[in-house]
Structure formats: C-alpha cells, structure tokens
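Okay, here's what each chain looks like letter by letter:
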Amino acid sequence: MKTTEILQRVHDGDSRSIGRAISLVENQDEPAAQILQGLDQERIESSLILGITGPPGAGKSTLTGRLIEQLRQQNERVGIIAVDPSSPVSGGALLGDRIRMMDHALDKDVVVRSMATRGRLGGLCASAGATVRIMAASGCKTVIIETVGIGQSEMDIIRLADITAMILAPGFGDDIQAMKAGILEVADLIVINKSDQPGTEKMLLDLGTVFSNSDDRHTRLLKTIANENVGVKELMEQFRVIEKKFRGDGTLEKRRQQSSFLETMDWAVEIMRPRLARLIDSRETVLDPRLTAEEIIRQLVGDKI
Ligand SMILES: Nc1nc2c(ncn2[C@@H]2O[C@H](COP(=O)(O)OP(=O)(O)O)[C@@H](O)[C@H]2O)c(=O)[nH]1
Ligand SMILES: [Mg+2]
C-alpha cells in the first residue's frame, strides 16, 4: 500500500492502517517520516493526552477502562497506550484483557496499543510520542497513556501527557512515603483508588499535606472505587476543568514543547544507536571506553566535540 493511502486510511480511522502506521514508525521503516509529516496537525493540537500512573496494583487499568466507558458514552473516540501492561508483580489483569472484558474489543473507536519496556534499550518516548500523534490524527480526541511506577524510565513517558493523575491505593504506604516529596512534580491530580478499603481516610489526611492550600487539596485530591465506577465521572470532569485552565494559561503548550524536546532527543539517540553499535563493534578494544566513545563521535561528526 502506498504511504499516501495509509495516511488517508489513518485519518479515516481505519484500525488496521493505524496499527500499520505505528509499526512502520516504530521500526523506523522507510515511509515513517512521510507518515508523521502528513498527520493532521489540527487534530493533534486539539487532542488531550492524559497520563495515568502509579504503583502496580493500584487500579490504573481498571480506572482507565472506566474512563474509556465515560468517553464512549459521550461518543468520543479514544486511544490508549499501555506501557508495560504485563508487570508480573501487579497481579492485575492486562489492560487489553480489561478492555476485552468491558466489550470495547469490537469497538472501532477504541484504539489500543501496548508497549513493553522490558528488553528495550530506549526509544520509548519516541515510539509513544509518535503513537499518540497517529491516534490523535485518526480522530481520537483523548489519548490515555497508562504506565507504572515513579522514578523509573517509564516515568519519562508520562511527561508526554498534558495532564497526569497519580493513582494510589490504601495499603501502598511505603510507596507513598518515598514519593511524597516529588509527587506534585509529576501529578496534577492524586487519586486514592480502592477507597472502599480500610486506611482511606488516613491516606487522605496524609496526602493532604502534599498541598500547600486547601483549594488544591479539594480539587486535586480525589477518591475513586474503580471497580464499582464510583468517582470516575468526577475524575473525568476534573480533567476537563484542568484542560480548560491549561489551554488558557499556556501550560499545555509549554508541556507539549517540553515533550517535543524529550522526543527529539530520544529519536536522535534511536537513529544514532545502530550506527554507533556498528562502529563500536568494528573496534579493537585497546582504548579506555570513554576514549573510544570520543573517537567514535569524532569519526561521525568531525573534530568539533
Ligand atoms: N477493592 C477494590 N479493588 C479494586 C479497585 N480498583 C481495582 N481493583 C482491583 O485491584 C486489582 C488491580 O487492578 P489493576 O487495574 O489491574 O491495577 P494496575 O496494576 O494499577 O493496573 C484488580 O484485581 C482490580 O479488580 C477498587 O476501587 N477497589
Ligand atoms: Mg495495569
């Protein structure tokens, strides 16, 4: 199929072509640049990228499934990028399974892509960023990125989001103490999921101290029970309120610029990696690795390092 034809079908929302375009870009195949260049910029700019993060088992996938339901009820097309959905410690189901369970599998307006982090050298931001834009150009008004953890390489990709919610749950006390100091650097919203469980009120009080004023405490700290669909509507509404604010005050634009920097850096490294690998392989290891590295770079870009 010609690249222009793939592009046309992506914009028409054809699932197979979307998958194809994402694979071409991930594998850095020939037409990748042409596809990325041809995407509908207006759709990309008006889309909303939501980040859902937090420790394994907190209920991120369940909550994401519920958010999808909300958006589908409003007849919105939605994209989901699940990063490392098969974390062996979570004991939770794969996001894909949840979506299947919720009968979204046959819904052509729910576009899902999983990305493994294991066994990967890098390029996650690059792939995820390109995937977000392909989904947005295909008509997904909202793209949700679900990723585990904090302070890991997976966290870099949460910076691709316009708005991020940190999902926690009672019983995750140790995780929270460790991340409390930096939590607001990543999270616009903090969600205590599993608020049907004991320890919720204590956690609310504890996390309340993260915020410096009571306004923020009320609007940015939320409770949900994802598997009973409690608090999910309010969470979606809060995302909308923040979206409006961020579009108005330039925050959203600034975040997109920052994520563009991240992605560009990631692409640059990805594009160089195979070349660097070949050069390193072709060397006899006589020099100190640092010196070898400098020599290789010099060979590639000239003496100006
Ligand atoms: N009691 C309770 N269990 C929940 C809630 N939300 C999710 N779970 C369960 O917690 C487990 C982990 O959920 P999952 O969404 O896979 O977590 P993830 O690893 O963060 O994606 C699953 O067995 C869910 O059914 C909730 O609000 N209350
Ligand atoms: Mg999950």
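Residues numbered from 1 in each chain as written. Chains lettered and ligands numbered in written order. Predicted model: local features only at pLDDT ≥ 70, side-chain atom pairs only at ≥ 80, totals over all residues. Heavy atoms only, no water.

Take the coordination of the magnesium ion (ligand 2) next. The protein atoms that coordinate the magnesium ion (ligand 2) are Ser 61 (OG) and Glu 146 (OE), at distances of 2.2 to 2.5 Å. Here Glu 146 lies in strand E4 (residues 142-148) and Ser 61 lies in helix H5 (residues 60-73), a separation of 85 residues in the sequence. (Donors = N, O, S within 2.8 Å, 3.2 Å for Na, K, Ca; no water. Helix = DSSP H or I, 4+ residues; strand = E, 2+ residues; numbered from the N terminus.)

With parallel pairing, the seven strands of this open sheet are ordered in space as E3-E2-E4-E1-E5-E6-E7. The outermost strands of the open sheet, each flanked by one partner alone, are strand E3 (110-115) and strand E7 (221-223). The mean angle between the axes of side-by-side strands here comes to 20°, regardless of whether they run parallel or antiparallel. Two elements, strand E2 (residues 78-83) and E3, share six bridges in a ladder whose sense is parallel. (Pairing = 2+ DSSP bridges. Axes fitted to C-alpha atoms, helices over the stretch in contact; angles between N-to-C directions.)

As a further point, take helix H15 (residues 289-301). Along its 13 residues, H15 runs 18 Å from first to last C-alpha, staying within 8% of the 18 Å computed at 1.5 Å per residue. Where H15 begins, one side-chain oxygen reaches toward the backbone nitrogen of Arg 290, 3.0 Å away; that side chain belongs to Asp 288. Taken from the residues just after H15, Gly 302 is the one with a positive phi, measuring 90°. (Expected span 1.5 Å × (residues − 1). Polar contact = N/O pair within 3.5 Å; in protein donor to acceptor, adjacent residues only side chain to side chain.)

Together, Phe 261, Met 265 and Val 269 make up a nonpolar patch on the protein surface, roughly 310 Å² of accessible area in all. With respect to the secondary-structure elements, Met 265 resides in helix H14 (residues 251-281). Among the residues examined, Met 265 registers a relative accessible area of 46% and is labelled partly exposed. (Patch = residues over 30% accessible without salt bridge, like charges linked within 9 Å, V, L, I, M, F, W, Y side chains within 5 Å. Areas by Shrake-Rupley, 256 points an atom, 1.4 Å probe, with all protein chains shown as cover. Salt bridge = Lys/Arg side-chain N within 4 Å of Asp/Glu carboxyl O. Buried < 20%, exposed > 50% of the residue type's maximum accessible area, 1.4 Å probe, protein only.)

Before going further, it helps to spend a moment on the environment of Glu 263. Along the chain, Glu 263 falls in helix H14. Each C-alpha atom, one on Glu 263 and one on Asp 156, is 9.9 Å from the other, the two residues being 107 residues apart in sequence. When residues no more than four places from it in sequence are discounted, the contact partners of Glu 263 are Cys 125, Ala 126, Gly 129, Ala 130, Arg 133 and Leu 160. (Contact = heavy atoms within 4.5 Å.)

Of all residues adjacent to ligand 1, which total 20 residues, the nearest are Gly 57, Lys 60, Ser 61, Thr 62 and Asp 196. Between an oxygen atom of ligand 1 and a main-chain N or O atom of Lys 60, the distance comes to 2.8 Å. Contact between ligand 1 and Asn 193: a nitrogen atom at 3.1 Å from a side-chain N or O atom of the residue. In isolation ligand 1 has 590 Å² of accessible area, and contact with the protein removes 82% of it. In terms of residue count, H5 provides more of the shell around ligand 1 than any other element does, three residues in total. Taken together, the residues that form the shell around ligand 1 break down as six nonpolar, nine polar and five charged. (Near = heavy atom within 4 Å. Nonpolar A, V, L, I, M, F, W, Y, C, P; charged D, E, K, R; others polar.)

In this structure the tally under the stated criterion is 22 salt bridges. A salt bridge links Lys 108 to Asp 109; the nearest nitrogen and oxygen atoms lie 3.5 Å apart. A relative accessible area of 18% places Asp 109 in the buried class. Note that Glu 294 is salt-bridged to Arg 298, the shortest N-O span being 3.7 Å. Residue Glu 294 and its partner Arg 298 are both found in helix H15; the two are separated by four residues, about one turn of the helix. Connected through salt bridges with shared partners, the residues Arg 72, Arg 77, Asp 107, Lys 108 and Asp 109 form a single ionic network.

Take the environment of Gly 129 next. Looking at where Gly 129 falls in the secondary structure, it is placed in helix H7 (residues 124-137). Measuring from C-alpha to C-alpha, the distance between Gly 129 and Thr 264 comes to 9.7 Å, with 135 residues separating the pair along the chain. Residues in contact with Gly 129, not counting those within four places in the same chain, are Leu 160 and Glu 263.

Here the focus is the nonpolar core. Side chains of nonpolar character tend, in soluble globular proteins, to be buried together. One finds Val 10, Leu 39, Ile 81, Ile 134, Ile 145 and Ile 157 to be the most contacted residues of the largest nonpolar core, which totals 34 residues. Counting only elements with at least two residues in this core, the list comes to helix H1 (3-11), helix H2 (15-26), helix H3 (32-37), E2, E3, H7 and E4. Among the elements that take part in this core, H7 stands out by supplying ten residues, more than any other. When residues of this core are assigned to domains, at least three map to each of domain 1 (1-38) and domain 2 (39-249). If we skip the residues at most four places from it in the chain, Ile 145 touches Ile 49, Leu 50, Gly 51, Ile 52, Ile 81, Val 83, Val 132, Ile 157, Ile 158 and Leu 160. (Core = buried A, V, L, I, M, F, W, Y, C linked by side-chain atoms within 4.5 Å. Domains from an automatic or database assignment.)

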